[in-house]
There are 2 protein chains.
Amino acid sequence: MNLETPKGMKDSLPEEEIVKQNIIRRLTSIFELYGFSPMDTPAVEKWDVLSSKYAGGEEILKETFKLSDQGKRSLGLRYDLTVPFARVVGMNQKMKMPFKRYQIGKVWRDGPIGMARYREFWQCDVDVVGAKTMGYESEILFLAARFFKESGLKPLIRINNRKILNDIMEYLKIEKKLRDTVILSVDKLAKAGKEEVTKELTGKGIDKDKIIELLKIITPSGTNKEAIKQLKNLIPDSIGLTEISDVLDRCNGLDVVFDASLARGLSYYTGTIIEIFLKGSKVTSSVCAGGRYDDLIGKTLGGGEFPAVGISFGLSRIYDAIKETGRKTVSDLYVIPIGTDCTKIVEKLRDLGVKTEMDLSGRGPSKNMKYANSQGIPFVAFVGEEEQKSGKLKIKDMESGKESVVGIDEVPRLILGT
Amino acid sequence: MNLETPKGMKDSLPEEEIVKQNIIRRLTSIFELYGFSPMDTPAVEKWDVLSSKYAGGEEILKETFKLSDQGKRSLGLRYDLTVPFARVVGMNQKMKMPFKRYQIGKVWRDGPIGMARYREFWQCDVDVVGAKTMGYESEILFLAARFFKESGLKPLIRINNRKILNDIMEYLKIEKKLRDTVILSVDKLAKAGKEEVTKELTGKGIDKDKIIELLKIITPSGTNKEAIKQLKNLIPDSIGLTEISDVLDRCNGLDVVFDASLARGLSYYTGTIIEIFLKGSKVTSSVCAGGRYDDLIGKTLGGGEFPAVGISFGLSRIYDAIKETGRKTVSDLYVIPIGTDCTKIVEKLRDLGVKTEMDLSGRGPSKNMKYANSQGIPFVAFVGEEEQKSGKLKIKDMESGKESVVGIDEVPRLILGT
C-alpha cells in the first residue's frame, strides 16, 4: 500500500490539531455569545444545487469534486458553506427571520496547489438572513474584534461598500461591461501597488487620465469621516456612502478603517465588504472576510427577498498566526506507576479535572521520563507503594525541574493554578 | 433548482445541532481528560488505501463513494476512521508509542437506507496503538462510563473476548471454514433469540446437538466469576479467559457484564470485544462499541507489530437518547430595543457571558415576543430610554412569566444561575 494522503490534502497530527481545536472552540463560544446557532449540512450536495447559475459560478465548478451514488445520481463535494446555506433557507422558508446560524466545516476544491492553498480546508462561517439593517454588519464586526482580542491577535478591520465602487464607475463613465474587471484590478491595490494596477488597467483598455483619477478617488486621505466627505463631493447621492456611515457610526469604539479600494473577488456582494488582516503578523493575507449579499439567496432560489450578511474565518491562516510550539498531547500530567496499580489515583485526578495520562507498559522510569519529555507533558508524578499509602504525590515540573509533594486534592491548584 | 439533500444524507438544523454539539463537546472533554489527543485526517483517501486487503474488506468497498481529481488520481470518501488511523501510524512510524488519539468526523457509505441508517454519519473514535496491556481496555471502559454518567444515561457494558469464541469453536470441533459464519450467527443471540439463531445455524449445516451445546456454553449463568469458572472447565488453557479476567479485575467499581455470546460483525478483532447499550432507553441498538485489534494495522502496513484497542461512539443514537425539546437557538436572552440603540448594553451582557440576541429589525414588541417564544429563548428584556439611563433591565422569564428588574451585573446570576 502506498502510504499517502491525496494530493493537496493533509493530516493534522495532535501537535497541530490541539491548536486548531482550541481556535474552533473559541470561535464557537463567541458565535454563540452573539446568538448565532450551530447548523450542519452534508459534505455532499446534489450537482444541480452546486451548479445553479447564481451559486459559485463556472470557475469554481471546474474545481468541484464530482461523484455519484449507486442510483447514478449526480453529486459533488461542497466548495463553500454559502450555497448549502442558501439551499437550507430555500427548503425551510417558514423558518423565523432573521435566521442567524454558524457553520464550521470542511470544503473541497480540486484546484492548483500552492502556498497555504489546499484541496481540503476548513471554513468557519457566521451569517444572518432576513434583515437589511446595518446593525448586523456592526454585530459581526464586534464579534470578530472580540475573537481576535481573546486570541491575543491585533486585527486591522477594513470595510467598503460595493455600491460606492459602482457609483465611482458611473461617475468616471467606465463602460458597463468593463466595470467588474476594473473593480477586480482595483482590489489588488493594497497588495500589488499603484504601478502594477495601472499596468493592468491599461491592459484592460482604460485611459491613462481615467486611471490616475480613479486611483486618486479610491485613496482619499484623512480619517474615515474626512474620506467619506471627499467622496460625497463626487458622488453625493451614493447610497453606499450612507450605508458605510451607518456601519461606522454603529461600530463606535471599534478600530474600523474605511478603504474605498477594497472590493473582494466574489461578484455576489451587494453592499458592505469586510476584510480583516493582522497587525504585526507574518500572515499578510486576510484572516477573515465577508460582506452583504442581498440578492444571492433569492436569485439562487428563483425568487423571494432574502437579504443576508456574513463573514468567514480562515482557520489555517489563524492557526499559522497563533500556533504555539512544543505540546504534542493534551495531557497535563503523566503518572508513572512504580510497581503499583494507579487506576484509582488516576481516576481521582480525572475527577478533579486534571488531564491525566498513565504509563501502562511497565517500562522503567528513565524511559518514561524520556517519553513525557518528548510529548511536552508539563508535569510527571511517580507513584509507588508509599504514595499509595500516604495519598501524597511527588510531582515534578518538567520545565523548572522542581519537585513538590502534595495531596491529591491539591494537584489541580499546583498544575492548573485553579 | 431542485432543493434537496442527496439521498440518505440530511441537514441538521439548530434545534438538532445544538444537542449534537453538546454531545461532541462532552466527548471531547472526556477524551482529553484521559490523555487522548485530537487528530484529523482528510475526508478523502486514496483508493489504494481504502481498498487495501486488510482494510474494510470487499463488502464495504461496494458502498464506498469513488471520485478522482483533475490529475485522474483514484480517490474515495472514507468509510470509517480506523483505516485512516492505520495509514497515519504507517506514515509516522517514528512516533512515540503508545500513541493515544481521538478523532471525531463524518464517514460515508453508499449503502441501503433504513431506520437510523444514513449515507453520511458521524464517528467519534478513541484508540491507542502500541500497547498490549489490558490496562487500556480498562481505561476505555472507565472513559465510556464517565461519559454516559455525565450525560445522564445508564450504560449496560457488555464485554467478551474473540479468543474465547475461537476456543469454543475448537472445543466443539466446528469446521474451520465455518467458524466465522457461526460466530456471526451467535452474535445475534441477544437480539434474535435462541430459536432464530438455531434455525440459522441449522441452515449453515451445524448438527442439532452441537447447536444445543454451543448455545448452552455461551450462556453460562451467575456472576462474571462464576461464568468464567464454568467456561474454564471446558477450555482450561484459553488465553481469552485470562485476558477477560484481567480486564474485569481492572474494572473494579464499574458495572461490566461478561457475555460469551458477544461477537461483533467485524472480523478484525483479536481479543477484547466491547458493546455498550442503554438501560431504560428506547434506543435498543448499541451506542458505543469496539475492541482490540492487534493484527489489523500491522497487516495493513505489510509488517510490524502494532497492537491496538479502541471504541467508537455513535453520535446519532446517543443524540436520539438524550435529545431535549424546545430550544431552537443557543441564545439565553433576547433584547428588544424600544426606540433606542442597545449595542452597548448588549455588548456588556456578552462581556458577562450571557448569550444574547438583539432585535435589529425594529418590529413591534408583540411580534418580537412571538419570535422569542417560537425560538424557545428563555428570557427577554425590553430596553427603552429609562433602562438606558438607569442601567437596570426588566427581564421576563418566558416560562414562568415572572418579571424582574435587575442591574446589568446581576443578569448572569438571574439567567445562568452563576
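Residues numbered from 1 in each chain as written. Chains lettered and ligands numbered in written order. Predicted model: local features only at pLDDT ≥ 70, side-chain atom pairs only at ≥ 80, totals over all residues. Heavy atoms only, no water.

A. Region of interest: the overall build of chain A. Broken down by element type, chain A carries 18 helices and 16 strands. Taken along its principal axes, the extent of the C-alpha atoms in chain A is 85 × 60 × 45 Å. In chain A, which comprises 418 residues, the proportion classed as buried is 56%. Looking at chain A as shown, the accessible area adds up to about 18500 Å², and 49% of this sits on carbon and sulfur atoms. (Helix = DSSP H or I, 4+ residues; strand = E, 2+ residues; numbered from the N terminus. Buried < 20%, exposed > 50% of the residue type's maximum accessible area, 1.4 Å probe, protein only. Areas by Shrake-Rupley, 256 points an atom, 1.4 Å probe, with all protein chains shown as cover.)

B. Structural view of the packing of aromatic side chains. Counted by the stated rule, this structure contains 18 aromatic pairs over all chains. Arranged with centres 6.3 Å apart and planes meeting at 25°, the rings of Phe 85 of chain B and Phe 99 of chain B form a pair that is stacked. In this pair, Phe 85 of chain B is assigned in helix H4 (residues 82–91) and Phe 99 of chain B in strand S5 (residues 99–108), connecting sequence segments 14 residues apart. When its relative accessible area of 0% is taken as the criterion, Phe 85 of chain B is described as buried. Using a relative accessible area of 9% as the deciding quantity, one classes Phe 99 of chain B as buried. Summarising the aromatic geometry, the rings of Phe 147 of chain B and Phe 148 of chain B are spaced 5.1 Å apart at their centres and angled 70° between planes, so their arrangement reads as edge-to-face. For the residue pair Phe 147 of chain B and Phe 148 of chain B, the accessibility class agrees, reading buried in each case. Taken together, Phe 31, Tyr 102, Phe 147, Phe 148 and Phe 313 of chain A form an aromatic cluster joined through their ring pairs. (Phe/Tyr/Trp six-rings, centres within 6.5 Å; stacked < 30°, edge-to-face > 60°.)

C. Structural context of the environment of Phe 36 of chain A. Here Phe 36 of chain A lies in the loop between helix H1 (14–33) and strand S1 (37–38). When its relative accessible area of 0% is taken as the criterion, Phe 36 of chain A is described as buried. For the pair Phe 36 of chain A and Asp 127 of chain A, spaced 91 residues apart in sequence, the C-alpha to C-alpha distance is 8.1 Å. Phe 36 of chain A has contacts with Phe 31, Lys 100, Arg 101, Tyr 102, Val 126, Asp 127, Val 128, Glu 139, Ile 140 and Leu 143 of chain A together with Val 330 of chain B, leaving out every residue within four places of it along the chain. (Contact = heavy atoms within 4.5 Å.)

D. Region of the structure containing the pattern of salt bridges. In the structure shown here, the tally under the stated rule is 64 salt bridges over all chains. Across the pair Asp 294 of chain B and Arg 292 of chain B runs a salt bridge, and its minimum N-O distance is 2.8 Å. Here the two residues Asp 294 of chain B and Arg 292 of chain B agree in accessibility, since each one is buried. A salt bridge links Asp 409 of chain B to Lys 348 of chain B, with the nearest nitrogen and oxygen atoms 3.4 Å apart. Residue Asp 409 of chain B is located in the loop between strand S16 (403–407) and helix H18 (411–416), and its partner Lys 348 of chain B is located in helix H15 (residues 343–351); the two are separated by 61 residues in the primary sequence. According to the relative accessible area criterion, Lys 348 of chain B is partly exposed, its value standing at 35%. Look at the salt bridges and you will find they share partners, linking Lys 100, Glu 139 and Arg 146 of chain A together with Glu 347, Arg 350 and Asp 351 of chain B into a network. (Salt bridge = Lys/Arg side-chain N within 4 Å of Asp/Glu carboxyl O.)

E. Layout of the pairing of strand S10 (residues 288–292) of chain B. Residue and element names in this part refer to chain B. For S10, a buried count of five out of five residues is recorded, marking the element as mostly surrounded by other parts of the structure. As judged from the four bridges shared by strand S9 (residues 272–278) and S10, these two strands associate in the antiparallel manner. Looking at S10, one finds that Ile 274 is bridged to Gly 290. (Pairing = 2+ DSSP bridges.)

F. Just the relation of the copies chain A and chain B, in detail. At an RMSD of 0.0 Å, chain A and chain B line up after a rotation of 180° and a shift of 0.0 Å along the axis. Such a combination of rotation and displacement between the chain copies is what one expects of a two-fold axis. In terms of proximity to the rotation axis, the leading residue of chain A is Leu 67 of chain A, whose C-alpha is 2.7 Å off the axis. Comparing interface residues between copies, 99% of those in chain A also lie at the interface in chain B; the contact surface is shared. (Least-squares fit on C-alpha atoms with pLDDT ≥ 70 in both.)

G. Seen up close, the environment of Leu 172 of chain A. All names here are of chain A. Residue position: Leu 172 is located in the loop between helix H6 (162–171) and helix H7 (179–186). Look at Leu 172 and you get buried, because its relative accessible area is 5%. Residues Leu 172 and Leu 234, spaced 62 residues apart in sequence, show a C-alpha to C-alpha distance of 9.9 Å.

H. Structural detail: the sheet that holds strand S10 (residues 288–292) of chain A. Residues and elements named next belong to chain A. Spatial ordering of the open sheet is given by S1-S5-S6-S11-S10-S9-S7-S8, a layout of eight strands whose pairing is mixed. Looking at which strands have only one partner, the edges of the open sheet turn out to be S1 and strand S8 (256–258). Against the sheet, helix H12 (residues 239–250) touches strand S7 (155–161), S8 and strand S9 (272–278), its axis set at about 150° to S7. (Axes fitted to C-alpha atoms, helices over the stretch in contact; angles between N-to-C directions.)

I. How the structure looks around the side chain of Thr 343 of chain B. Among the secondary structure elements, Thr 343 of chain B is positioned in helix H15. Within the local environment of Thr 343 of chain B, its side chain forms a polar contact with the side chain of Asp 341 of chain B, the two groups lying 2.6 Å apart. For Thr 343 of chain B, the contacting residues outside a window of four places in its chain are Ser 138, Phe 142 and Arg 250 of chain A together with Met 358 of chain B. (Polar contact = N/O pair within 3.5 Å; in protein donor to acceptor, adjacent residues only side chain to side chain.)

J. Structural context of the environment of Lys 7 of chain A. By secondary structure assignment, the location of Lys 7 of chain A is in the segment before H1. When its relative accessible area of 43% is taken as the criterion, Lys 7 of chain A is described as partly exposed. Separated by 363 residues in the primary sequence, Lys 7 of chain A and Lys 370 of chain A place their C-alpha atoms 35 Å from one another. Setting aside chain neighbours within four positions, we find Lys 7 of chain A in contact with Ile 113 and Arg 119 of chain A together with Asp 69 and Arg 73 of chain B.

K. Region of interest: the packing of helix H6 (residues 162–171) of chain B against helix H7 (residues 179–186) of chain B. Residues and elements named next belong to chain B. Between H6 and H7, the least distance of the axes is 11 Å, while the angle of their chain directions is 115°. Crossing of H6 over H7 shows right-handed handedness. Within the contact between the two elements, H6 uses Arg 162, Leu 165, Asn 166, Met 169 and Glu 170 and H7 uses Arg 179, Val 182 and Ile 183. (Left-handed = near helix turned anticlockwise from the far one by under 90°.)

L. Geometry of the interface of chain A and chain B. Taken together, the contact between chain A and chain B spans 93 residues of the former and 92 residues of the latter. At the junction of chain A with chain B, the criterion picks out 18 salt bridges. For Glu 139 of chain A, the salt bridge goes to Arg 350 of chain B, with nearest N and O atoms at 3.0 Å. Among the elements that line the side of chain A that touches chain B, the one with the most residues is H1 of chain A, at eight residues.

M. Inspection of H7 of chain A at higher detail. Within H7 of chain A, the full set of buried residues consists of Arg 179, Val 182, Ile 183, Ser 185 and Val 186 of chain A. The buried residues of H7 of chain A all sit within an arc of 160° when viewed along its axis, so they share a single face. (Arc of directions from axis to C-beta.)

N. A look at the side chain of Thr 356 of chain A. Structurally, the position occupied by Thr 356 of chain A is in strand S13 (residues 356–358). Separated by 2.8 Å, the side chain of Thr 356 of chain A and the backbone oxygen of Val 354 of chain A make a polar contact. When sequence neighbours within four positions are dropped, the list of residues in contact with Thr 356 of chain A reads Leu 333, Val 335, Val 346, Leu 349 and Arg 350 of chain A together with Leu 33, Tyr 34 and Gly 35 of chain B.

O. Geometry of the packing of H6 of chain B against helix H10 (residues 208–217) of chain B. Residues and elements named next belong to chain B. Remark: H6 packs on H10, axes separated minimally by 11 Å, with the N-to-C direction vectors making an angle of 150°. By the angle class used here, H6 and H10 are roughly antiparallel. Taken as a pair, H6 and H10 cross one another with a handedness that is right-handed. Between H6, through Ile 168, Met 169 and Tyr 171, and H10, the contact on the second element is made entirely by Glu 213, Leu 214 and Ile 217. Among the residues making up the contact of H6 with H10, the classes are represented as five nonpolar, no polar and one charged. (Parallel < 35°, antiparallel > 145°, perpendicular 65-115°, else oblique. Nonpolar A, V, L, I, M, F, W, Y, C, P; charged D, E, K, R; others polar.)

P. Examining the sheet that holds strand S16 (residues 403–407) of chain A more closely. Residues and elements named next belong to chain A. A sheet is described by the order of its strands in space; here five strands give the open sequence S13-S12-S14-S15-S16, paired in mixed fashion. Every other strand in the sheet has two partners, leaving S13 and S16 as the edge strands with one partner each. Neighbour-to-neighbour, the strand axes of this sheet turn through a mean angle of 30°, independent of strand direction. Pairing between strand S15 (residues 392–397) and S16: five bridges, direction antiparallel. Considered in S16, the bridge of Lys 394 is made with Val 405. Here helix H15 (residues 343–351) sits on the sheet and contacts strand S12 (333–337), S13, strand S14 (379–383) and S15; the angle it forms with S13, its principal contact strand, is near 165°.

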